[in-house]
Amino acid sequence: MAQGHSSPVLHPAVHRLTGMDRHTVTVDGHRLNVFTAGTGPETVVLVPGIPDSSAVYRGQIPGLLEAGYRVIAPDLLGQGDSDLPAEAANYTIAKDQERLWAIVDELGAETFHLVGHDRGAASTWAMAAHRPDRVRSYVALTIGHPGARRYAAYEQRQLSWYMLRLLFSDAEDWLRSEAEGEGGPWSTFRWWVGNHPEADAWIADLERPGAVRAMLNFYRANIHPVHAKISPVPGFRCRRSESGRRETSTAASNRSRARASGSTATGASSGCGAPATSSSSTAPPR
């Protein structure tokens, strides 16, 4: 059930969206925090990644509202002001998708434009691929099509080493420690995120009991060889589009399905060859 609140309670020193309506949507007993604003005829859903919350989009939301869109900005489970359950099984990509569908249904967004960053992209590729009748357009930031991993060069695989490191039982203590970086509390975390200017805000958020474990649970639920249950996403093959441009078979299929359903745009797919990935400055390199 969604409940509106005019004055969100903010954690000190932690980024939170302001000037928006706040809702609580409960799915499978877990409370999800969602911010909304705007009354435009088209909706944009902004899904955050690690180590962010919905506040990562605070620079984009004013422009979207000015352009006439309605905005829905959820905190995924374990992020922001959403619940922080301890069990890793709650953090699978498939469960992220189920909760996101519940959010848009609860808030009455039959069709919408979808943006996902980092974890938010990993959890939304399949939504765009499987439901072009509802997802009018799709933007993936920092995470390319899941099928692109098979083409990843050695350099890209090196950049993804940290996902394996975060599976170790001591990962929480490691991030808080001085094992890497310039020393002091959380030195390794600061080093991991490249001494990002928002590190202090992220650390303030992660200081909450259970917050680091919740962040790590996403990796443990989806990367661990025993627990990984990633929803399948259609693959891609190179072909020529109607306009003569090279495109993926997924893009062509989604365009046809969307046209049949009356949608004006499709879930996006990257081009042929090495699949493209949009850029972002707020997450560790993939």
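Everything here concerns the structure above.
Residues numbered from 1 in each chain as written. Predicted model: local features only at pLDDT ≥ 70, side-chain atom pairs only at ≥ 80, totals over all residues. Heavy atoms only, no water.

(A) Representation of the environment of E178 in the model. Counting through the fold element by element, E178 comes out in the loop between α7 (171-176) and α8 (187-192). With residues up to four places along the chain from it excluded, the contact list for E178 reads G183, G184, S187 and T188. Reaching out from E178, the side chain makes a polar contact with the backbone nitrogen of G184 at a distance of 2.9 Å. (Helix = DSSP H or I, 4+ residues; strand = E, 2+ residues; numbered from the N terminus. Contact = heavy atoms within 4.5 Å. Polar contact = N/O pair within 3.5 Å; in protein donor to acceptor, adjacent residues only side chain to side chain.)

(B) Representation of the sheet that holds strand β2 (residues 30-37) in the model. Strand order in the open sheet formed by six strands is β1-β2-β4-β3-β5-β6, with mixed pairing between adjacent strands. Where the open sheet ends on each side, the last strands, each with one partner, are β1 (21-27) and β6 (135-141). Within the sheet, the average angular offset between the axes of one strand and its neighbour, ignoring direction, is 20 degrees. Judged from the six bridges that link them, strand β5 (residues 112-117) and β6 form a sheet pairing that is parallel. (Pairing = 2+ DSSP bridges. Axes fitted to C-alpha atoms, helices over the stretch in contact; angles between N-to-C directions.)

(C) Broad picture of the nonpolar core. Judged by nonpolar contacts, the single largest core of 28 residues is most densely connected at V45, I72, I103, F112, L114, V135 and Y138. Listed by contribution, the elements that provide at least two residues to this core are β1, β2, β3 (43-47), α2 (93-106), β5, α4 (125-130), β6 and α10 (211-222). Per element, the largest residue contribution to this core is four residues, and it comes from α2. Setting aside anything within four residues of it in sequence, one finds L114 in contact with V45, V47, T124, M127, V135, S137, Y138 and V139. Counting residues in hydrophobic clusters, the runner-up holds 22 residues, among them A199, I203, A211 and L216. (Core = buried A, V, L, I, M, F, W, Y, C linked by side-chain atoms within 4.5 Å. Buried < 20%, exposed > 50% of the residue type's maximum accessible area, 1.4 Å probe, protein only.)

(D) Seen up close, unusual backbone geometry. Cis geometry is found at the peptide bond from I50 to P51, where omega equals 5 degrees. Among the structural elements, P51 can be located in the loop between β3 and α1 (61-66). A positive phi angle is found at D28, which is not glycine, with a value near 55 degrees. Along the chain, D28 falls in the loop between β1 and β2. Owing to a relative accessible area of 61%, D28 belongs among the exposed residues under this scheme. Positive phi values are uncommon outside glycine, yet W186 reaches one of about 65 degrees. By the secondary structure assignment, W186 is in the loop between α7 and α8. A relative accessible area of 5% places W186 in the buried class.

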